[in-house]
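Residue-level structure breakdown
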Amino acid sequence: MNAFQSSLIHDVFLQAIASLKENRLRTILSIMGITIGICAVMVVGTVSQGVKKYIYQELDTYGLESLWVYRKWENQDPFRSVREGSGIDNDDLKYIRSCCSSVKNVTPVVFSDENDITMRSKGTYTNVNLEGVGVHYADINNDTITQGRDFRLEDIQRRKAVAIIGTKIRDELFGPHSNPLRKSLRWGNVRLTIIGVLDVKNRDILSQLGTDDYDVNKRVLIPYTLYQQQLGSKDIHTLQAEAVSINETEKALDQLTEYLNRRHSFHYEYVTESMEGWITTAEDLLRNISFVGLIAALISLFVGGMGIMNIMSTSVVERTREIGIRKALGAYRRDILLQFLLESTVVSVIGGVLGMVLGIFVGFGISYLSGYDLGISWFTAALAVLVSIAVGMISGYYPAYRAASLKPVDALRYE
Amino acid sequence: MIQLHAVSKSYQRGDLPVPVLKKISLHIKKGEFVAIMGPSGSGKSTLLNILGCLDAADSGMYKLAGKTIQTANEDELAKIRNRKIGFVFQSFNLIPRIDAEHNVELPMVYAGVPPAIRKKRALAALNILGLADRVSHVPAHLSGGQQQRVAIARAIVNDPEIIIADEPTGALDSQTSHEIMRIFLQLQASGKTIVMVTHEEEIGAYAQRIIRVRDGEIFNVPL
Ligand SMILES: Nc1ncnc2c1ncn2[C@@H]1O[C@H](COP(=O)(O)OP(=O)(O)OP(=O)(O)O)[C@@H](O)[C@H]1O
Ligand SMILES: [Mg+2]
């Protein structure tokens, strides 16, 4: 930037402030339009980014690389549907590691069709989500053990009657913040010893979206071997695995089903699931939130832009004589154009910065009221300022062009 | 310095073109102080605007300081106005929001003069015109004579060859008018060419030569 431009910008900035003061009401209205628009942009950005963060955190409670394989039960093929068993058994586990290169970890999950499994400690009963699992279960599910320990291989191999429980089970049976370790839990005639407590998991948003109605904090985990013994079957109902990376989930699923098909000679058909579908659902949802918000933002930016166009047009008319003077003194067409464009941009950026600040406060307000810490989207803040510059330039262009096109003699004669 | 040959200009009034200047030819030499006089509506301002490159003639030839004006484009004209011409108007035409110093700086802003030099030169010009203590006054806080002196400072700050003045004393009392004319004489003495429109014989008398215009034509005999 040369001296001319920088001093012109300085002059123009002062002039912009002065001429805006003269048209105070109109200026305030236009600034408000931009402020509301940019504020809306900020809120949309903050909410969608914040919600995205939470949704991903919640999705991550399943492990984003998680995948599931289980038998397709409702089979159309009459010969297949009569087959007994889940199509996955303990022997499969031994080989999967060596044959499926995209699978990082795998755990069997054994459960029963029974809906209400009740457990008891002393005189208190509670419903639980009972799952028979392997040693890698906590790893794959991103579960942490807050009290006690995880399963060891020998717990599984020796079918030890040990359990890891969710926080709600602890709270209901032993009271909040209590220590349930080494206490026992009655499951029918089995006496389980509690060896660990799982950390709380949040699935508030997902359960509100209706994607999951099962309470993760009411899980009771036991060795899958123990559960199989109780059920009297070597069936594994679901194989839950973790791919080496998100991009390899499809490959891992293919490897698993291919392996199972070969091992069981295509006797069964398998259903596979990965987080991908959920991620897509979440992103669709976020896109919809953003879309609605952005439409609102666009409308107010449009109104603000029209306001700016209006004050700038009026300003051009009111300052016709000034334009004539400037042209007489040697201003080029582009100097006048630049001057009015900068003026409209100043208005718009003032609105934009106010909108940004307001948006940050509204974001805090929403965080406070909703209980979710959405944070500030600095990306959106930067975007907001850029958008306000663009709105200023676009809406100022026509008036500026008209000013620049005035003939000096006509402009000077204007009363 | 100024050569006009068969310059015509007409304005559209309704459907008919009304001729305002009819094949005007004139020659003004470097360093001359010329007054253009004539009745109201005779086309004096129109002529002066053409001389000042603020307006274009419909036909004819115009040469200013060796440059052919009728073929120049918008930006070339802006540059000529900026470097070669200083304007003084009846209504001063200062920008109301900005102070005397910044008004005087404007021609230099458009000439691309760096701020520090602009300030120095603006203050020097205002000083010459006896306004050293008025530099940060806005026009509304200056008297008519002071405003016109700011305008003259602005007109000369880029050191132009020609001063174009349309009724520079038209809004001033007689004592102030004479003061302004004495400034014009000093400008002429410093080598500027001055073309001034006036109604008043007394003011016209300061010029070396009077060009009389009537109905868009030059009459060199007083009526
Ligand atoms: N933009 C215009 N459109 C139409 N007619 C115009 C325009 N400018 C000037 N005229 C007409 O041209 C004629 C000459 O005008 P001009 O301003 O040159 O007169 P003048 O000699 O300067 O008069 P005065 O002494 O009153 O200033 C007038 O009749 C005026 O009405
Ligand atoms: Mg006139």
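Each chain has its residues counted from 1, following the order in which its sequence is written. Chain A is the first chain written and ligand 1 is the first ligand written, with later ones labelled in order. This being a predicted model, a pLDDT of at least 70 is required before a residue's local features are given, and a value of 80 or more before pairs of side-chain atoms are given or counted; all residues contribute to the totals for chains, interfaces and linings. To obtain the side-chain values, all non-hydrogen atoms of the structure were used and water was disregarded.

1. So, the packing of helix α11 (residues 276-318) of chain A against helix α13 (residues 333-370) of chain A
Think of two packed helices as two axes; the pair is described by the angle between the axes and how far apart they sit. All names here are of chain A. Under the convention used in this document: All axes here are fitted lines through C-alpha atoms, helices being fitted over the stretch that makes contact, and every angle between N-to-C directions spans 0 to 180 degrees. By definition, any uninterrupted DSSP run of H or I lasting at least four residues is a helix, any uninterrupted run of E lasting at least two residues is a strand, and each is numbered from the N terminus. Put simply, angles under 35 degrees are roughly parallel, angles over 145 are roughly antiparallel, angles from 65 to 115 are roughly perpendicular, and the rest are oblique. For any helix crossing, the convention is left-handed if the near helix is rotated counterclockwise from the far helix by under a right angle, and right-handed if that rotation is clockwise. Whether two residues touch is decided by their heavy atoms; if any such pair falls within 4.5 Å, the residues are in contact.
Close contact between α11 and α13 brings their axes to 10 Å; oriented N to C, the two are set at 140°. Here α13 runs oblique to α11, going by the angle between their axes. Of the two possible hands of crossing, α11 and α13 adopt the one that is right-handed. Contacts from Ile308, Ile311, Met312, Ser315 and Val316 in α11 reach Phe340, Glu343, Ser344, Val347 and Ser348 in α13.

2. Some remarks on the confidence of the model for chain A
Where we set the bar: pLDDT runs from 0 to 100 and stands for how confident the predictor is about each residue.
Scored by pLDDT, chain A comes out at a mean of 84, with 93% of its residues at no less than 70. For chain A, helix α3 (residues 78-81) of chain A is the element with the lowest average pLDDT, namely 50, and strand β6 (residues 162-165) of chain A is the one with the highest, namely 95.

3. Topic: the domain arrangement of chain A
Residue and element names in this part refer to chain A. Selection criterion: Where each domain begins and ends follows an automated or database-derived domain assignment. A quick way to say it: buried area is the sum, across both parts, of accessible area lost when two parts are put together, with a 1.4 Å probe. When a carboxyl oxygen of Asp or Glu lies within 4 Å of a side-chain nitrogen of Lys or Arg, that pair is called a salt bridge.
Looking at chain A, the domain boundaries give domain 1 (3-59 + 281-413) and domain 2 (73-268). Distance from the C-alpha centre of domain 1 to the C-alpha centre of domain 2: 55 Å. Contacts between the two partners involve 6 residues from domain 1, matched on the other side by 7 residues from domain 2. Summed over both partners, the interface of domain 1 with domain 2 buries about 610 Å², with 69% contributed by carbon and sulfur atoms. For the pair domain 1 and domain 2, the interface holds 0 salt bridges.

4. Overview of the side chain of A:Asn217
Residues and elements named next belong to chain A. Counted only if it meets this: Nitrogen and oxygen atoms within 3.5 Å of one another constitute a polar contact, given that in protein one can donate a hydrogen and the other can accept it, and given that sequence-neighbouring residues count only through two side-chain atoms.
Within the secondary structure, asparagine 217 is located in the loop between α8 (204-208) and β9 (219-223). Polar contacts involving the side chain of asparagine 217 include one to the main-chain amide nitrogen of lysine 201, which spans 2.9 Å. Beyond its immediate chain neighbours, meaning those up to four positions away, asparagine 217 contacts Gly166, Thr167, Lys168, Ile169, Asp199, Val200 and Lys201.

5. A short note on the pattern of salt bridges
Convention followed: Each residue is placed in one exposure class: buried if its accessible area under a 1.4 Å probe, protein chains only, is under 20% of its type's maximum, exposed if it is over 50%, and partly exposed if it falls in between.
Going through the model one piece at a time under the given rule, you end up with 30 salt bridges over all chains. As a salt-bridge pair, A:Glu322 and A:Arg326 come within 2.9 Å of each other at their nearest N and O atoms. You can see A:Glu322 and its partner A:Arg326 sitting in helix α12 (residues 320-328), 4 residues apart, about one turn around the helix. Per residue, the accessibility class of A:Glu322 equals that of A:Arg326, and both read buried. With its nearest N and O atoms 3.1 Å apart, the salt bridge here joins B:Arg212 to B:Glu201. Taken as a pair, B:Arg212 in strand β9 (residues 209-214) and B:Glu201 in helix α7 (residues 201-204) lie far apart in primary sequence, 11 residues in all. When its relative accessible area of 17% is taken as the criterion, B:Arg212 is described as buried. Ionic contacts of the salt-bridge type, sharing partners, join the residues A:Arg319, A:Glu322, A:Arg326, A:Glu343 and B:Arg97 into one network.

6. Focus on the nonpolar core
To keep it simple, the criterion reads: Residue types Ala, Val, Leu, Ile, Met, Phe, Trp, Tyr and Cys, when buried and joined through side-chain atoms within 4.5 Å, form a set referred to as a nonpolar core.
Within the largest apolar cluster, 70 residues are counted, with the highest numbers of intra-cluster contacts made by B:Ile2, B:Ile36, B:Leu47, B:Leu51 and B:Tyr62. If one sorts the elements of this core by residue count, α13(A) sits on top with 8 residues. Setting aside anything within four residues of it in sequence, one finds B:Leu47 in contact with B:Leu4, B:Leu21, B:Ile24, B:Leu26, B:Ile36 and B:Val213. Grouped together as the second largest cluster of nonpolar side chains are 49 residues, A:Val103, A:Val197, A:Leu221 and A:Tyr227 included.

7. Description of the site of ligand 1
Note the following rule: Note on definitions. A residue lies near a molecule or strand when any single heavy atom of the residue is within 4 Å of it. Only the protein chains shown count as cover for residues, with accessible areas throughout obtained via the Shrake-Rupley method and a probe of 1.4 Å. The classification used treats Ala, Val, Leu, Ile, Met, Phe, Trp, Tyr, Cys and Pro as nonpolar, Asp, Glu, Lys and Arg as charged, and all other residues, Gly among them, as polar.
With respect to spatial proximity, 14 residues lie near ligand 1, and among them A:Arg413, B:Ser40, B:Lys44, B:Ser45 and B:Thr46 are the closest. Within the side chain of B:Thr46, an N or O atom sits 2.5 Å from an oxygen atom of ligand 1. Across the complex, the protein chains shield 69% of the 630 Å² of accessible surface that ligand 1 would expose by itself. Counting only elements with at least two residues in the shell around ligand 1, the list comes to β1 (2-13) and α1 (44-51) of chain B. The element contributing the most residues to the shell around ligand 1 is α1(B), with 3 residues. Its residues assigned to classes, the shell around ligand 1 shows 3 nonpolar, 7 polar and 4 charged.

8. Quick notes on α1(B)
Residues and elements named next belong to chain B. With respect to burial, α1 is a largely interior element, 7 of its 8 residues being buried. Taken together, the buried positions of α1 are Lys44, Thr46, Leu47, Leu48, Asn49, Ile50 and Leu51. Just downstream of α1, cysteine 53 is the residue with a positive phi angle, here 60°.

9. Observations regarding empty space enclosed by the protein
Cut-off, in case you're wondering: Using a grid of 1 Å spacing that covers the protein atoms alone, one calls a set of points a cavity when a 1.4 Å probe fits there but cannot get out, and a pocket when the set is open and has protein on both sides within 12 Å along at least five of seven lines; lining residues are those with an atom within 4 Å of a point. Grid points are joined across faces, edges and corners, and a volume is the space filled by probe spheres set on the points.
On inspection of all chains with the given rule, the structure shows 3 cavities of 30 Å³ or more. The computed volume of the largest cavity comes to approximately 70 Å³. Taken together, A:Ala328, A:Leu329, B:Arg81, B:Asn82, B:Ile85, B:Gly86, B:Phe87, B:Pro107, B:Arg154, B:Ala155, B:Asn158 and B:Pro160 make up the lining of the largest cavity. Contributing elements (two or more residues each) for the lining of the largest cavity: α2 (74-84), β6 (85-89) and α5 (144-156) of chain B. When residues in the lining of the largest cavity are grouped by element, the largest group, 3 residues, is from β6(B). As for the second largest cavity, its lining consists of B:Leu48, B:Asn49, B:Leu54, B:Phe87, B:Val88, B:Phe89, B:Ile164 and B:Asp166. Counting residues per element, the ones that place at least two in the lining of the second largest cavity are α1, β6 and β7 (162-166) of chain B.

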